[in-house]
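# Tertiary structure, described
The primary structure of each chain is shown beneath.
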Protein chains: 2
Amino acid sequence: MSKSVLVKFHPDDIQVDVKKGISVLEAAISAGVYIDSICGGRGKCGKCKVILKQGEPRVDSKEHLTEDEVSKGYVLACKTHVQDDTEILVPEESRLGLHQILKSSEVVSLGELNPLVRKQYLEIEPPTLEDNVSDLSRVERELEEREICDTCVSLPMLKKISKVLRKKDWKVTLTFADAGRESTVVDIESGDTTDKLYGVAVDIGTTTVVVELVDLTSGQVIDCEADYNKQVMFGEDVLTRILYATEEEKGLSKLKKAIVSTINYLISALAKRNGLRRRDIQFMTAAGNTTMVHLFLGLDPAQIRIDPYIPVANNLPFIRAGETGIKINRSGYVYCLPGRSSYVGGDITADILATNLHKNDELSMLIDVGTNGEVVLGNKDWMVSCSCSAGPAFEGGEVDFGIRATVGAIERVTLTPDLEVKYSTIGNVKPKGICGSGLIDLLAELFMHGAMNKAGQLEETGSKRIREGDEGKEFVVIWSDETNIKKDMVLSEVDIKNIMRTKAAVYASCSVLLKSMNYKFTDIKKLYVAGGFGNYLDVRKSVYLGLLPDVDTDLYSFIGNGAVAGSRLVLLDRSKLEEAKEIVRKMTYIELSVNTMFYNEFTSALFFPHTDINLFPSAKELLA
Amino acid sequence: MSKSVLVKFHPDDIQVDVKKGISVLEAAISAGVYIDSICGGRGKCGKCKVILKQGEPRVDSKEHLTEDEVSKGYVLACKTHVQDDTEILVPEESRLGLHQILKSSEVVSLGELNPLVRKQYLEIEPPTLEDNVSDLSRVERELEEREICDTCVSLPMLKKISKVLRKKDWKVTLTFADAGRESTVVDIESGDTTDKLYGVAVDIGTTTVVVELVDLTSGQVIDCEADYNKQVMFGEDVLTRILYATEEEKGLSKLKKAIVSTINYLISALAKRNGLRRRDIQFMTAAGNTTMVHLFLGLDPAQIRIDPYIPVANNLPFIRAGETGIKINRSGYVYCLPGRSSYVGGDITADILATNLHKNDELSMLIDVGTNGEVVLGNKDWMVSCSCSAGPAFEGGEVDFGIRATVGAIERVTLTPDLEVKYSTIGNVKPKGICGSGLIDLLAELFMHGAMNKAGQLEETGSKRIREGDEGKEFVVIWSDETNIKKDMVLSEVDIKNIMRTKAAVYASCSVLLKSMNYKFTDIKKLYVAGGFGNYLDVRKSVYLGLLPDVDTDLYSFIGNGAVAGSRLVLLDRSKLEEAKEIVRKMTYIELSVNTMFYNEFTSALFFPHTDINLFPSAKELLA
Ligand code: FES
Ligand code: FES
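Everything numeric here is computed off the predicted structure, so don't read it as measured data.

## Some details on the overall build of chain A
Broken down by element type, chain A carries 16 helices and 29 strands. Taking 2.2 N^0.38 as the reference for a compact globule, 624 residues should give roughly 25 Å; the C-alpha atoms of chain A span a radius of gyration of 27 Å, in line with that estimate. Taking all 624 residues of chain A together, 63% fall into the buried category. Sequence-distant contacts, at least 24 apart, represent 66% of the contacts inside chain A between residues at least 6 apart. Accessible surface, chain A as shown: approximately 23600 Å² in total, 47% of it carbon and sulfur. If the 75 positive side-chain charges of chain A are averaged to one point and the 90 negative ones to another, these points end up 4 Å apart.

## Focus on the environment of V476 of chain B
All names here are of chain B. Structurally, V476 is set in strand β25 (residues 472-478). By relative accessible area, V476 is classed as buried at 0%. Along the backbone, V476 and A619 are 143 residues apart, and their C-alpha atoms lie at a distance of 25 Å. With residues up to four places along the chain from it excluded, the contact list for V476 reads R465, R467, D488, M489 and V490.

## Thoughts on the sheet that holds strand β21 (residues 409-415) of chain A
All names here are of chain A. Read from one edge of the open sheet, 3 strands run β22-β21-β23, paired in mixed fashion. The open sheet is flanked by β22 (421-425) and β23 (433-434), the only strands paired with a single partner. Taken together, the 2 bridges between β21 and β23 define a ladder with parallel strand orientation. Residue pairing across strands places A409 opposite G433, the latter belonging to β23.

## Observations regarding the confidence of the model for chain A
Averaged over all residues, the pLDDT of chain A equals 88, while 94% of them reach at least 70. Low pLDDT (under 50) marks residues 98-107 of chain A, which in the prediction has 41 contacts with non-local residues, meaning those over four places away or in another chain.

## What to know about the relation of the copies chain A and chain B
Relating one copy of the chain to the other takes a rotation about an axis and a shift parallel to that axis. Least-squares fitting of chain A to chain B yields an RMSD of 0.2 Å, with the transformation described by 0.0 Å of translation along the axis and a rotation of 180°. Those values place the two copies in the arrangement expected of a two-fold rotation axis. When the interface residues of chain A are mapped onto chain B, 100% of them are again interface residues, pointing to one common binding face.

## Some remarks on the side chain of K119 of chain A
All names here are of chain A. As for its position among the elements, K119 is in strand β8 (residues 117-123). For K119, a relative accessible area of 13% puts it in the buried group. At 2.9 Å, the side chain of K119 and the side chain of E189 are in polar contact. Separated by 2.5 Å, the side chain of K119 and the backbone oxygen of K196 make a polar contact.

## As for the interface of chain A and chain B
For interface size, the figure often reported is the accessible area lost on association. Listed by partner, the interface residues are 44 residues for chain A and 44 residues for chain B. Between D300 of chain A and K163 of chain B there is a salt bridge, with its nearest N and O atoms 2.9 Å apart. Scanning the region where chain A abuts chain B turns up 10 residue pairs in polar contact (both at pLDDT 80 or more). Broken down by element, the residue count for the side of chain A that touches chain B peaks at 8 residues, all from helix α4 (residues 155-167) of chain A. By residue class, the composition of the side of chain A that touches chain B is 23 nonpolar, 9 polar and 12 charged.

## Focus on the packing of helix α5 (residues 238-247) of chain A against helix α6 (residues 251-273) of chain A
Residues and elements named next belong to chain A. The N-to-C vectors of α5 and α6 enclose an angle of 125°; their axes lie 5 Å apart at closest approach. One finds that α5 runs oblique with respect to α6. Taking contact as the criterion, the partners of R241, Y244 and A245 in α5 are, on α6, G251, L252, K254 and L255.

Definitions and cut-offs
Residues numbered from 1 in each chain as written. Chains lettered and ligands numbered in written order. Predicted model: local features only at pLDDT ≥ 70, side-chain atom pairs only at ≥ 80, totals over all residues. Heavy atoms only, no water. Helix = DSSP H or I, 4+ residues; strand = E, 2+ residues; numbered from the N terminus. Rg over C-alpha atoms; globule rule 2.2 N^0.38 Å. Buried < 20%, exposed > 50% of the residue type's maximum accessible area, 1.4 Å probe, protein only. Contact = heavy atoms within 4.5 Å. Areas by Shrake-Rupley, 256 points an atom, 1.4 Å probe, with all protein chains shown as cover. Lys, Arg positive; Asp, Glu negative; His and termini not counted. Charge placed at Lys NZ, Arg CZ, Asp CG, Glu CD. Pairing = 2+ DSSP bridges. pLDDT = per-residue confidence, 0-100. Least-squares fit on C-alpha atoms with pLDDT ≥ 70 in both. Polar contact = N/O pair within 3.5 Å; in protein donor to acceptor, adjacent residues only side chain to side chain. Salt bridge = Lys/Arg side-chain N within 4 Å of Asp/Glu carboxyl O. Nonpolar A, V, L, I, M, F, W, Y, C, P; charged D, E, K, R; others polar. Axes fitted to C-alpha atoms, helices over the stretch in contact; angles between N-to-C directions. Parallel < 35°, antiparallel > 145°, perpendicular 65-115°, else oblique.

Here is the structure:
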């Protein structure tokens, strides 16, 4: 038997008993301490730096660490294996603070309240020797009188029916779930409980998970809770997780457990705070990208990343909660919104439901920028979609001081003409790094002030903030004494190149969709921007950089978290379920990875704002 | 922590580690040693006598034991609690030998082979970038081409589909189960496996369980296995088990486990012997009385024994094997044949299916005598049914030397005019006791030779076999030196009274059904006798005693195990499922426990053959 050792994490003072030999990163996962680990613990990203305070662990690699850092006790959490009782300090820059997660969103309002679960109060005739049909038949007889037919009962319900019927004088309330073609009796309770009917709508994001608790009798969202997807520990983006699922032992099952426990934790918190039992929640709808849905249900995601990119399923059946591990009423159902392909998932279907793009007369475009970028173009008659791997440049990846939109992230930047920096951070604390909207602001300001050229190179302006760094030129955003990380916070030309690639991919996606349908940007009459990134975005600055198309800013709507909104719509109105299926049936998917037009568009977009400045008249005007 | 002790059972030399303090009976259950225990371990029946060979157990009661027995070390297994390592000898008379279980039966032959599960071989188009729909959609597309629609997939199937499709070049075989309104994909396998499709048909008897392994491609029964229902340890009849389920801690769950493990054990033995994996078996149909089905599924049986005798359900849904604990393919289904009431269960429906009584033009009667007696009267237009608690007189209960039809049981008896006994035993070994058919023979012979009168009293004939015993007169069937139990084997007048009550109950049931429909015995054109008891029965002798109605013996058919036969019919031909439901819809149930006509009929039948000898013309002739 392997010995167990104690690992203590500072500054939170959380300790955990673990098997000797496991990595500090794994210990952190089991302790619930969030350490940045974009590469999924493969020693490749260098994000998981921690400081060893006590213990003599086995250190497998010192890559990504400067000599100075090594001398200060820095190690990579993923490459350091505990051998004895160990104490670890997780420095600010390696911590995943609690995200500012987009919980709700303003979306189309519900037409009709017609939820996927409903309750029916019944007064059953007590049995006599003359009328001695079974408990179940008595209930069915009563249902038939109300013309509720074709119901199917579950074993757990049969196990309790006898006692429940007799508890409150043959008065009971049945809960039905419409799971596909049949209506299933999910629960039976004594007395009249028709005023209590709940569901949860879930956004299974790659990075964060949002759960809404919904009162299905009123259609109101009662409460909402969000947290990191615990899978973050196993890698930042979907490809890293697919690799983990397919190549690590029990990888898939670990990833499944991580997301299921994230959702369960949030449901449990919501139930507690609102005085409910978890079994009072009878239905869950969820939207996520195709990989997230695969990992959530334990479906093999291997083919998603291998040409020709085939998922196990896009249209999933209703699945009993008990089978998924989700701790609501175990006879209740879980339904994941259908997706279109491996890279245009149920989250995009939810976005479309939330915007009603599929009902618009006019040409509309939806842009969802997250770790991936997905774009949909269309109207009530047709839709085309595509996905580009935007890269996590706007979510803290690929940029040295890039962090997610968490406390301490710079979210707004303006520059004075002599390039002095004015900024604000989330939570008004000392800056830890720059998040997506801050990067857009910063680049646009540098560009507009002539400190960055169209090719993304920094120009000498005389400001001491522009200097030669290790990787070419860099711009000092914050001097070390103002930061929380005791270093100058800089943006290098390498960082700028990465951001440029991301924005080029998004723009090129929009462009390809339009061209393939013979439209121009100016034909667009509605432009929806979705995703956590969206709500903090300055449209004009995004346009100057060439991230978003240069159309009238009035045409833009920010829909925030469309995934949870779309899930909620399906939960509350069963007709939305058919709409969701209709959306994926109707929508064409264009695979960009083999699309030459995309590569041309992408290359042309590798300028600020674009090689063809005429596509960006407002930027042209500004630069004139 | 409680200490564990070792208990060894002789003569089988089986030993088991158990918790200190549990009863010898419980230890025997966990060791798989069968000890008779009609009262379910409540110290009431005195059947569980064993001999203590070593150890110092706590003995809670010496009831039912003679002084002589106590001095020889006899204890009641259920009232003796082990405190240290213990050795126990289980004497012949307390052992449950392996039954001669009626495994198969000659019944209606199958019309059409149209089983509840079927397979479909598919060659799927491999994906390309142009045709990149999901794995599931590819399969569904192929099914649609074959006009197989409205299928629903299970999560376990989705979990494997990706690998299975790619294993043998996109050639796969799907298994479908028709579970209610939908057709469910139960399994997917690589390559063409359409020649392998199996199901099991099960008879869940109160005493014994029979499992047939059926090849669903040919309709042939491949193999058959039978064993005691492990629930026997918890009590002999359904009422004792209901009491155990409702009054003992975890009683229901113990009973459920006992029957599920009995069935699993038999399935596992059949699979092994025939070179199958258990997951190759995709469907199970089962027939049992209403209580057995409740206990099997873990449904609360409490109301079955309480006026007005209401079961949880008579018509059960299809249930996933995984949910029942049955170890066949976990996505496969278990279906229990529908019953009519708490005391006319799915086993009777199976009997009817097996006889085609429900399709007969002529008036037909079905008599199923087991621990209970059930009678059905009717034809293709109508059916009435009833149940009487016949008592276990013919199954080893209520008769001192009565045993089940196991090895060592006397099954045939004839008497010479001077009352010398000629007999044969099952297995041709020394007699251990008398089973049902032996008792019928014996009583009929005594009656015919004038040694027993109509009231069931023994008459002095000069034979030394008729003597005064502890409980009035008795007839010595076997002298002690010929037996295996070292005692004279006797039949007392008390035993005879018990048998008379049983036969009176069965006959009265037949009589009530006829009278309530305004028919006479002579109107019957077909008479089916079912149950383990049936096949050994001498019809004429049963008639002389007034157990079976005095009609032309040519009208009698013995159908043997109708429960397993009916289950098999449903498994092989889905139209039989609808017939089964139609049978229970059509059949009227008459509750005898409150029926005054029944009490009159019963009382009149408390004679051999009957108070009204004219009802038994052939007996009248014989006695004349
Ligand atoms: S280097 Fe440790 S997680 Fe990437
Ligand atoms: S007396 Fe022990 S089982 Fe009945």
